[in-house]
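Chain residues, written in single-letter form:
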Amino acid sequence: MNYFLPDSQDLVDPSFDFTKENRSADRVRHRDDRYAHEVFATRAFDGVLVSKAIVDGTGGAGQARYTQAQRRRLLREGVRTFFRADLHRWGPLAFMGDCGAFTYIKAETPPYTVDEVIEFYDRCGFDYGISVDHVIREFRPQWDSDLCVGSEHAAPASLRARQQLTLDLAGEFFAKIQRGRLRVVPVGIAQGWGPRSYAHATAVLQKIGYRYIALGGVVALKTPDILRCLAEIHAIRRPDTRLHLLGVTRLTQLAAFAAYGVVSFDSTSPLRQAFMDDRNNYHTLDRAYSAVRVPQVDGNFRLAARVRSGEVDQDVARAAERRCLRALAEYDAGARRRLAPVLDALRAYERIHDGRTDRTEVYREVLEAAPWKRCPCEVCKQLGHHVVLFRGAERNRRRGFHNVWTFYQRLARGLAAGPQVGDDARAPARPPS
Ligand SMILES: [Zn+2]
């Protein structure tokens, strides 16, 4: 099962000093910052999924986007050079392109022509290119019955039209790639609202000629619903047709997925849960822990606003913040055996930055277990306890990288995801800084 990590230009600055909290003055972001695949010595994913919408910056607020300079460089250099993935120490990294259809879900039709998308894939040198699609978000298996067209039990005409449009575009996409003898492997995308409609789309795509088919619109589906779709598809799937699950957040039952011909999937969940999830921020092979919130008085948007409004005294907040950082550092260094003073410091600061919640018990759990001490990954070895601090993009993103690396270890062991991992983070893709 191949795991693709969706790109949202998540990089970390190797010059960042976690004790002094400053960075090198000479740092040039695009030259010096590091992708996840440049941080770990051993493989953490098999490929990268790059969305045209993110590259073009057409996504909505909160979505990652490329700068004009990055976009030009990607088109000029191609994905492999842009991502510094040539001759990578992990061995080959595959690059898959898609349109990022969630960004235009509300539009009548996709904002790109098939020609534009093919040109994008070809110029960037993608290994795999997903056909132009229009997402169907609704999942209503009861609409699958063909007998009820026109009745309230039939899928709305607008959804049927979306599915048909996606199939028409897939036909045009496949034909043009064949005719142009392009290197990119075309991946057809199936959209549906229930098992039978997904199977219908898959059958049409196979007839067009696709042998690699992505199931779209499954982001929010529960595992049993994905399995129902796969079972229905199984009845018509050619033995040589491979499946990709596009953007799954629930990562259980991967062995069952594999049995139905799923060879790959992509997910930002392990990365995003590091800073989007309320609780499951730091993943280990068998569970997830909460990160410890020590927001920066000066860098945290919400806290800074409350300081400005006079609600929070800046000096008091800063003193409480510093006390937390000191107590945590001493605790990790082994100078303090007792956890109580650390938890007291965290609670005192929490009363200032988040009066509604008392996280003492989840903090006790993660600090007592100190899971970073047992993690062999580069991030944990370098950061120590800083990896579990919910504080600023440099820590939060590295914790996300650790989660991705850990997730890949789970995959390799056939563990997939545990019950706590993969069920919550579905928000947009930008880490808070
Ligand atoms: Zn780690």
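Residues numbered from 1 in each chain as written. Predicted model: local features only at pLDDT ≥ 70, side-chain atom pairs only at ≥ 80, totals over all residues. Heavy atoms only, no water.

(A) Just the overall build of the chain, in detail. Helix and strand counts for the chain come out as 17 helices and 12 strands. A globule of 433 residues ought to have a C-alpha radius of gyration of about 22 Å, and the chain, at 23 Å, matches this closely. Across its three principal axes, the chain shows a C-alpha extent of roughly 65 × 50 × 45 Å. Out of the 433 residues belonging to the chain, those deemed buried represent 56%. When contacts within the chain are restricted to residue pairs at least 6 apart in sequence, long-range pairs at least 24 apart make up 73% of them. Of the roughly 19300 Å² that the chain leaves accessible, carbon and sulfur atoms contribute 49%. Placing the 66 positive and 52 negative side-chain charges of the chain at their respective mean positions leaves the two points 2 Å apart. (Helix = DSSP H or I, 4+ residues; strand = E, 2+ residues; numbered from the N terminus. Rg over C-alpha atoms; globule rule 2.2 N^0.38 Å. Buried < 20%, exposed > 50% of the residue type's maximum accessible area, 1.4 Å probe, protein only. Contact = heavy atoms within 4.5 Å. Areas by Shrake-Rupley, 256 points an atom, 1.4 Å probe, with all protein chains shown as cover. Lys, Arg positive; Asp, Glu negative; His and termini not counted. Charge placed at Lys NZ, Arg CZ, Asp CG, Glu CD.)

(B) Representation of the packing of helix 14 (residues 340–353) against helix 15 (residues 360–369). Orientation of helix 14 relative to helix 15, taken along the N-to-C sense of each, is 140 degrees, at an axis distance of 10 Å. With respect to helix 15, the axis of helix 14 lies oblique. Seen along the crossing, helix 14 lies across helix 15 with a hand that is right-handed. For the pair formed by helix 14 and helix 15, the contact residues are Val342, Leu343, Leu346, Arg347 and Glu350 on the first element and Thr360, Tyr363, Arg364 and Leu367 on the second. (Axes fitted to C-alpha atoms, helices over the stretch in contact; angles between N-to-C directions. Parallel < 35°, antiparallel > 145°, perpendicular 65-115°, else oblique. Left-handed = near helix turned anticlockwise from the far one by under 90°.)

(C) Region of interest: the sheet that holds strand 4 (residues 128–130). Judged by pairing direction, the barrel is parallel, and its eight strands sit side by side in the order 1-2-3-4-5-6-7-8 before closing back on the first. Within this sheet the neighbouring strands show an average axis-to-axis angle of 25 degrees, counted without direction. Relative to strand 3 (residues 94–98), strand 2 (residues 47–51) runs parallel, the two being bridged by five bridges. In the sheet register, Ser51 faces strand 3, and the bridge partner there is Asp98. Across the sheet, helix 7 (residues 157–179) lies against strand 4 and strand 5 (185–190), angled at about 175 degrees from strand 5, the strand it touches most. (Pairing = 2+ DSSP bridges.)

(D) Representation of the nonpolar core within the structure. The biggest cluster of nonpolar side chains holds 125 residues, and the ones touching the most others in it are Phe45, Phe83, Leu346 and Leu367. Aside from chain neighbours lying at most four places away, what touches Phe83 is Asp7, Gln9, Tyr35, His37, Val48, Val50, Tyr66 and Phe95. (Core = buried A, V, L, I, M, F, W, Y, C linked by side-chain atoms within 4.5 Å.)

(E) Main features of the coordination of the zinc ion. Cys375 (SG), Cys377 (SG), Cys380 (SG) and His402 (ND1) make up the full set of protein donors to the zinc ion, lying at 2.1 to 2.3 Å. Each of the four donor atoms bound to the zinc ion contributes to angles spanning 102 to 115 degrees, and the resulting shape is tetrahedral. Judged by its relative accessible area of 3%, Cys380 is buried. (Donors = N, O, S within 2.8 Å, 3.2 Å for Na, K, Ca; no water. Tetrahedral: all angles 85-135°; square planar, octahedral: opposite > 155°, others 65-115°.)

(F) Structural context of the side chain of Ser264. Mapped onto the fold, Ser264 is located in strand 8 (residues 262–266). When its relative accessible area of 0% is taken as the criterion, Ser264 is described as buried. Look past the residues within four positions of Ser264 in its chain and what remains in contact with it is Met1, Asn2, Phe4, Tyr212, Leu243, His244 and Leu245.

(G) Spotlight on the packing of aromatic side chains. One pass over the structure, following the stated rule, counts 17 aromatic pairs. Centroid distance Tyr128 to Tyr212: 5.4 Å. Interplanar angle 85 degrees. Geometry classified as edge-to-face. One end of the pair, Tyr128, is in strand 4; the other, Tyr212, is in strand 6 (residues 212–215), with 84 residues separating them in the sequence. Both residues of the pair, Tyr128 and Tyr212, belong to the buried class. Through a chain of ring-to-ring contacts, three or more aromatic side chains come together here, namely Tyr35, Tyr66, Phe82, Phe83 and Phe95. Its end group placed over the ring of Phe390, Arg399 keeps NZ or CZ at 5.4 Å from the ring centre. (Phe/Tyr/Trp six-rings, centres within 6.5 Å; stacked < 30°, edge-to-face > 60°. Lys NZ or Arg CZ within 6 Å of the ring centre and 35° of its normal.)

(H) Representation of the pattern of salt bridges. Applying the stated criterion to the full structure yields 35 salt bridges. Between Arg84 and Glu38 there is a salt bridge, with the nearest N and O atoms lying 2.7 Å from each other. Separated by 46 residues along the polypeptide, Arg84 in the loop between helix 5 (79–82) and strand 3 and Glu38 in helix 2 (residues 36–39) bring together distant segments of the chain. For the salt bridge of Asp358 with Arg347, the shortest nitrogen-to-oxygen distance reads 3.7 Å. Placement of the pair is Asp358 in the loop between helix 14 and helix 15 and Arg347 in helix 14, with a sequence separation of 11 residues. Residue classification places Asp358 among the partly exposed positions, given a relative accessible area of 49%. Judged by relative accessible area, Arg347 falls into the buried class, the value being 17%. (Salt bridge = Lys/Arg side-chain N within 4 Å of Asp/Glu carboxyl O.)

(I) Here's a closer look at the pairing of strand 8. Extensive coverage of strand 8 is indicated by the burial of four of its five residues. Examined bridge by bridge, strand 1 (residues 2–6) and strand 8 share three bridges and lie parallel to one another. Across the sheet, residue Asn2 finds its bridge partner in strand 8, namely Ser264. When strand 7 (residues 242–245) meets strand 8, the two strands line up parallel, connected through three bridges. Each bridged residue has a counterpart across the sheet, and for His244 the counterpart in strand 8 is Ser264. For the segment spanning strand 7, helix 10 (residues 254–259) and strand 8, crossover handedness is right-handed. (Right-handed = clockwise from strand over helix to strand, strands pointing away.)

(J) Looking closely at the pairing of strand 7. Pairing of strand 6 with strand 7 involves four bridges; the strand directions are parallel. Residue pairing for strand 7: Ile213 is matched across the bridge by Leu243. The parallel pair strand 6 and strand 7, bridged by helix 9 (residues 223–234), forms a crossover whose chirality is right-handed.

(K) Structural detail: helix 11 (residues 269–276). The element helix 11 is largely enclosed, with a buried count of seven among its eight residues. Every buried residue belonging to helix 11 is among Ser269, Pro270, Leu271, Arg272, Gln273, Ala274 and Phe275, and all of these are buried.

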